[in-house]
Amino acid sequence: CPCALGLATPTAVTVGVGRAAEYGILIKNGDTLENAGQIDVAAFDKTGTITEGKPEVDDVIAYGIGEDELIALAASVEQNSNHPIAKAIVRKAEGLELLNTVDFENVTGKGLKANVSIDGANSSVLAGNLKLMETEGIDLNDEVLSSFDAFVSEAKTTIVMAVEGEIKGIITLMDKIKENSKSAIDELHKMGIETYMLTGDNEKTASSVSSAVGIDNVMANVLPNDKLDKVRQLQNEGKRVLFVGDGINDAPALSQADVGVAMGNGTDIAMESGDIVIMEGDLENVVASIQFSKKVMTRIKENLFWAFAYNMILVPVAAGVLYPIWGIVFRPEWAGLAMALSSVTVISLSLLLKRYVPPIKRQAA
C-alpha cells in the first residue's frame, strides 16, 4: 500500500515546523525547512542581530554650543527615523525641547539630513558618519578627526553633527553584544559553516565586534546593495547562503539569500522578507533552526525507509515466493495488518519529533 509513502514527508514536516514554533522559530514552508540544513555560509547584520540593537548615548562633545543644545538638535533630526541609534538619541533628549524639522532625508549608509528651525530660521543640519561630511563638503579639523578615531577604536558608534557647514559636536553610542552571540557563532563553526558580518558601521567597530564573537569574515561601511551583492557573489561561488538581519536595509539580502532569517524584534518588512522569523531575536535559535532542518530531513529518510521496507519484504511474500518451499501464503487479514502497521510506523516516527530538543538548547539548559 502506498499510504505510508504518501505520509512520510508531510507528517515529518508538519510536526517539525510545529515543534520549531514552540521555540519561537517560525518556518514559513517546507522548502525552507529543507534548505536550512544545507547552507555553507551564514551572514549576519550587526546592529540588532549580533548586538542588542538598543544602543545608549555614551559621550557628548560639543563645539561652541551646550551639550544639551547639541543633544536636542540631534534628537530633532533623529526623531524622523526608526533606526535604533535614532531612538537612543531621542531617549537621551527626554525633557529637552525639540525643534521643528523639514526636508528630512535619510542618506543610506551615511546618516541624516534635515532643515531645522533655529532661532526662527531654517538651518541645514547633518548627523552622520565621516562619509556624509565628506560628501557634503564639510571641513573636518584635526581635533574632530582625532576624537572620532579615538571613539571608533573603542568600538563606539560615532555621529558627527554639523550645522550650516560647521561642525558642532560628536555623539557616541554603545551597543552591547548579545549574551549568546559567541556561543551561536561557535556552534556554526562546529557545523562547518563559514560566517560573515556585513555592517554599515566603520571598520574598527566592526572588527571589534567580530573579534569578540569569533566571526570569520567582516565587511564594514557597506550599503544595503553591498549586502545584496555579497550574498549574490557567495551564491555565484556555488555556496548556499543563510542571511540574518532585522532592518529595512536588510530586506534585499534576506530575499536574495537561500534562507533569510529575520529577527522578530526587527522591522515588519524584514520579517516579511525572511523565510524564517526568530521571535525572541535569539541567535541560538538561528542555529536551532538549522538543527531542526537536519533532524526533520533525517526523519523523512527514516520514514521512507520503513515505508519501502514493508513493501519490499511483504509484496514478494504476497506474490507467493515462499509458497513453493514452506507453503506460506500472505492471507488478506495479514495484508490489512501490514498496511496499517506501515502507516502507523511512519506517523509514530514523525510524532517523535514533538520530543526533539535541538542540541544547542540542551547545552543552554
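These lines cover the structure that appears in this document, whether it is placed above or below. (Residues numbered from 1 in each chain as written. Predicted model: local features only at pLDDT ≥ 70, side-chain atom pairs only at ≥ 80, totals over all residues. Heavy atoms only, no water.)

1. Here we look at the packing of aromatic side chains
In step 1: Evaluation of the coordinates by the stated rule reveals three aromatic pairs.
In step 2: With centroids separated by 5.4 Å and ring planes inclined at 75°, the aromatic side chains of Phe292 and Tyr356 adopt a geometry described as edge-to-face. Here Phe292 is found in helix H12 (residues 284-318), whereas its partner Tyr356 is found in the loop between helix H14 (332-351) and helix H15 (359-364), with 64 residues between them in sequence. Each member of the pair Phe292 and Tyr356 is classed as buried. (Phe/Tyr/Trp six-rings, centres within 6.5 Å; stacked < 30°, edge-to-face > 60°. Helix = DSSP H or I, 4+ residues; strand = E, 2+ residues; numbered from the N terminus. Buried < 20%, exposed > 50% of the residue type's maximum accessible area, 1.4 Å probe, protein only.)

2. Comments concerning the pattern of salt bridges
In step 1: Inspection of the entire model under this criterion finds 15 salt bridges.
In step 2: The partner of Asp58 in a salt bridge is Lys156, and the shortest N-O contact between them spans 2.8 Å. One end of the pair, Asp58, is in strand E3 (residues 56-62); the other, Lys156, is in the loop between helix H6 (142-153) and strand E7 (157-163), with 98 residues separating them in the sequence.
In step 3: Of the residues examined, Lys156 reaches a relative accessible area of 8% and is grouped as buried.
In step 4: The shortest N-O distance in the salt bridge between Lys168 and Glu166 comes to 3.8 Å.
In step 5: Residue classification places Lys168 among the buried residues on the basis of a relative accessible area of 16%. (Salt bridge = Lys/Arg side-chain N within 4 Å of Asp/Glu carboxyl O.)

3. Focus on the sheet that holds strand E13 (residues 276-278)
In step 1: With mixed pairing, the seven strands of this open sheet are ordered in space as E1-E13-E12-E11-E2-E9-E10. The outermost strands of the open sheet, each flanked by one partner alone, are strand E1 (25-27) and strand E10 (217-219). Mean inter-strand twist for the sheet, computed between neighbouring axes without regard to direction, equals 20°.
In step 2: Bridge analysis of strand E9 (residues 194-198) against E10 gives three bridges, and the strand direction is parallel. What sits directly across from Leu198, in E10, is Met219. (Pairing = 2+ DSSP bridges. Axes fitted to C-alpha atoms, helices over the stretch in contact; angles between N-to-C directions.)

4. Let's talk about the environment of Ile50
In step 1: Structurally, the position occupied by Ile50 is in the loop between strand E2 (41-44) and E3.
In step 2: For the pair Ile50 and Lys176, spaced 126 residues apart in the sequence, the C-alpha separation amounts to 8.9 Å.
In step 3: For Ile50, the contacting residues outside a window of four places in its chain are Phe44, Asp45, Ile177, Lys178, Ser181, Met197, Val209, Val213, Ile215 and Leu283. (Contact = heavy atoms within 4.5 Å.)

5. Concerning the sheet that holds strand E4 (residues 101-107)
The strands that make up a sheet are held in pairs by hydrogen bonds between backbone atoms, and each pair lies either parallel or antiparallel.
In step 1: Spatial strand order, E3-E8-E7-E6-E5-E4: six strands in an open sheet with antiparallel pairing. Every other strand in the sheet has two partners, leaving E3 and E4 as the edge strands with one partner each. Here the strands of the sheet are splayed against their neighbours by 20° on average, with no regard to which way each runs.
In step 2: Of the strand pairs in this sheet, strand E5 (residues 111-118) and strand E6 (residues 121-128) are connected by eight bridges, and their pairing is antiparallel. By the bridge assignment for E6, Ile118 is matched with Ala121.
In step 3: Helix-sheet contacts for H6 involve E3, E7 and strand E8 (166-174), and the interaxial angle to E8 is about 5°.

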